Amino acid sequence: MKAVSSGAKPPPFGYRPGRGPLYRCPALVKLLALLLLSVFAYTSVPGLAIAALGLGGAALIGGIRPWTLLRGGSPLVFLALFFLLLRVIRLEAGALPALDTASLPGALAQSLSMLVSFAAGSLLFTVTTMKELRDALAGRGSRAGPARGLRSCPARLRFRFGLVRFRFGLAFTLMLGFLPRFFEIWETANLAWQARGGRGGMRRMAVLIPLVTELMIETAFNTSEALEARGLEL
């Protein structure tokens, strides 16, 4: 994933170089915090409030405006509103649509949970590089070294454990890297569309979606070829 300069506007889910406690925090801790925030966001309304406050506080500590974490999330906002309407509008045969006020709090909480989870993922990739995540999951750069229980094991077993952990870390970071890479390709295609005088609307979506899909498939193929050339098969 490419880093952007401090003066450039970073793409959604794009890494923004910086300094501070959030950048120095271990990548594995930030990943676990993302999972914890997502769990809290979907448990209950108080849990959602805690997750939103924690996310906002972490963003401010990192010097990031919380509302910028939703950049690129317009489709998700429309999807959240769609699910909200589905839950609060009651349709009955032979009657006009009616508003189900009893379902409104739960539906609103569910829609906000989607946005909080999206913003939490955006914050993770804003302050963490893919290399940091991969190294953390693969056990690289750890001062503690191998697990104590494995130090007395044969070297062959330690090697196998390290290889399995490395493969897991690589596969997991490739999966996580899908969103940053998607937004990077989408931003590039959208800028090219605008540079050629293209406008927004359904025509833009009809042109960009197949193009971005093709580019993502091509990127996945190139990544697979690069891994195979290095003797890695997932």
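Quick notes on the rules
Residues numbered from 1 in each chain as written. Predicted model: local features only at pLDDT ≥ 70, side-chain atom pairs only at ≥ 80, totals over all residues. Heavy atoms only, no water. Helix = DSSP H or I, 4+ residues; strand = E, 2+ residues; numbered from the N terminus. Areas by Shrake-Rupley, 256 points an atom, 1.4 Å probe, with all protein chains shown as cover. Core = buried A, V, L, I, M, F, W, Y, C linked by side-chain atoms within 4.5 Å. Buried < 20%, exposed > 50% of the residue type's maximum accessible area, 1.4 Å probe, protein only. Contact = heavy atoms within 4.5 Å. Axes fitted to C-alpha atoms, helices over the stretch in contact; angles between N-to-C directions. Expected span 1.5 Å × (residues − 1). Phe/Tyr/Trp six-rings, centres within 6.5 Å; stacked < 30°, edge-to-face > 60°. pLDDT = per-residue confidence, 0-100. Parallel < 35°, antiparallel > 145°, perpendicular 65-115°, else oblique. Left-handed = near helix turned anticlockwise from the far one by under 90°. Nonpolar A, V, L, I, M, F, W, Y, C, P; charged D, E, K, R; others polar. Salt bridge = Lys/Arg side-chain N within 4 Å of Asp/Glu carboxyl O. Patch = residues over 30% accessible without salt bridge, like charges linked within 9 Å, V, L, I, M, F, W, Y side chains within 5 Å.

Enquirer: Mind showing me how you'd approach the overall build of the protein here?
Expert: Of regular secondary structure, the protein possesses 10 helices and two strands. Counting from the amino terminus, helix and strand elements in the protein follow one another as α-α-α-α-β-β-α-α-α-α-α-α. Within the structure as shown, the protein displays about 15,100 Å² of accessible surface, and the carbon and sulfur contribution to it stands at 66%.

Enquirer: Looking at this model, I keep getting lost on the nonpolar core. Mind explaining?
Expert: Among soluble globular proteins, nonpolar side chains are generally buried collectively. One finds Leu31, Leu55, Leu69, Leu123 and Leu133 to be the most contacted residues of the largest nonpolar core, which totals 33 residues. Leu133 has contacts with Ala27, Leu31, Phe125, Thr128, Thr173 and Leu176, leaving out every residue within four places of it along the chain. By size, the runner-up hydrophobic cluster in this structure holds seven residues, among which are Ile185, Trp186, Trp193 and Leu208.

Enquirer: Is there a simple way to explain the packing of helix H2 (residues 27-43) against helix H3 (residues 45-61) in this structure?
Expert: Axes are the key here: two packed helices are described by the angle between their axes and the distance separating the axes. Where H2 contacts H3, the two axes come as close as 6 Å, and the packing angle between them is 145°. Only Gly47, Leu48, Ile50, Ala51 and Leu55 of H3 make contact with H2, whose side of the interface consists of Leu37, Phe40, Ala41 and Thr43.

Enquirer: In this structure, what is going on with the environment of Val212? I would like to understand it.
Expert: You can see Val212 is positioned in helix H10 (residues 202-229). Residues Val212 and Thr188, spaced 24 residues apart in sequence, show a C-alpha to C-alpha distance of 9.5 Å.

Enquirer: I would appreciate a short explanation of helix H9 (residues 178-195) in the present structure.
Expert: Residues separated by three or four positions in an α-helix point in the same direction, a consequence of the helix having 3.6 residues per turn. Between its first and last C-alpha, H9 extends 26 Å over 18 residues, near the 26 Å set by a 1.5 Å rise per residue. All of the buried residues in H9 are Pro180, Phe183, Glu184, Ile185, Trp186, Ala189, Asn190 and Trp193.

Enquirer: When you look at the packing of aromatic side chains in this model, what are you seeing that I'm missing?
Expert: Note on aromatic pairs: each is described by the distance of the centres and the angle between the planes. Considering all chains together, one arrives at two aromatic pairs under this definition. Relative to Tyr23, the ring of Tyr15 has its centre 6.3 Å away and its plane inclined at 80°; by these criteria the two rings are edge-to-face. By the burial criterion, Tyr15 is buried, and Tyr23 matches it.

Enquirer: It is not clear to me how the confidence of the model for the protein should be interpreted in this structure. Could you clarify?
Expert: Predicted coordinates in regions of low pLDDT should not be interpreted in detail. When pLDDT is averaged along the protein, the result is 77; 77% of the residues meet or exceed 70. For the protein, the element scoring lowest by mean pLDDT is helix H7 (residues 148-151), at 48; H3 scores highest, at 91. Per-residue pLDDT stays below 50 along residues 142-150; that stretch engages in four contacts with residues further than four places along the chain or on separate chains.

Enquirer: Help me out: how do you make sense of the packing of H3 against helix H5 (residues 104-127) in this one?
Expert: Where H3 contacts H5, the two axes come as close as 10 Å, and the packing angle between them is 30°. The orientation of H3 relative to H5 falls into the category roughly parallel. For H3 against H5, the interelement crossing comes out left-handed. Contacts between H3 and H5 involve Val45, Leu48, Ala51, Ala52, Leu55, Ala58 and Ala59 on the former and, on the latter, Ala109, Leu112, Ser113, Val116, Ala119, Ala120 and Leu123. Each residue belonging to the contact of H3 with H5 can be placed in one class, and the counts come to 13 nonpolar, one polar and no charged.

Enquirer: Sorry, what's going on with the pattern of salt bridges here?
Expert: Pairing of side chains with opposite charge becomes possible as their charged atoms draw close. Summed over all chains, the structure comprises one salt bridge. Lys131 is the salt-bridge partner of Asp135, the closest N and O atoms lying 2.8 Å from each other. Separated by four residues within a single helix, Asp135 and Lys131 lie in helix H6 (residues 130-138), roughly one turn from each other. Owing to a relative accessible area of 14%, Asp135 belongs among the buried residues under this scheme.

Enquirer: I would appreciate a short explanation of the side chain of Asn190 in the present structure.
Expert: Examined against the element boundaries, Asn190 turns out to sit in helix H9. For Asn190, a relative accessible area of 11% puts it in the buried group. Setting aside its immediate chain neighbours within four residues, Asn190 contacts Arg204 and Leu208.

Enquirer: I keep staring at a nonpolar patch on the surface and nothing clicks. Help me out?
Expert: Side chains of Leu79, Phe82, Phe83 and Leu86 sit close together on the surface and give an oily, nonpolar patch of about 370 Å² of accessible area. Relative accessible area serves as the criterion here: at 46%, Phe82 is assigned to the partly exposed category.

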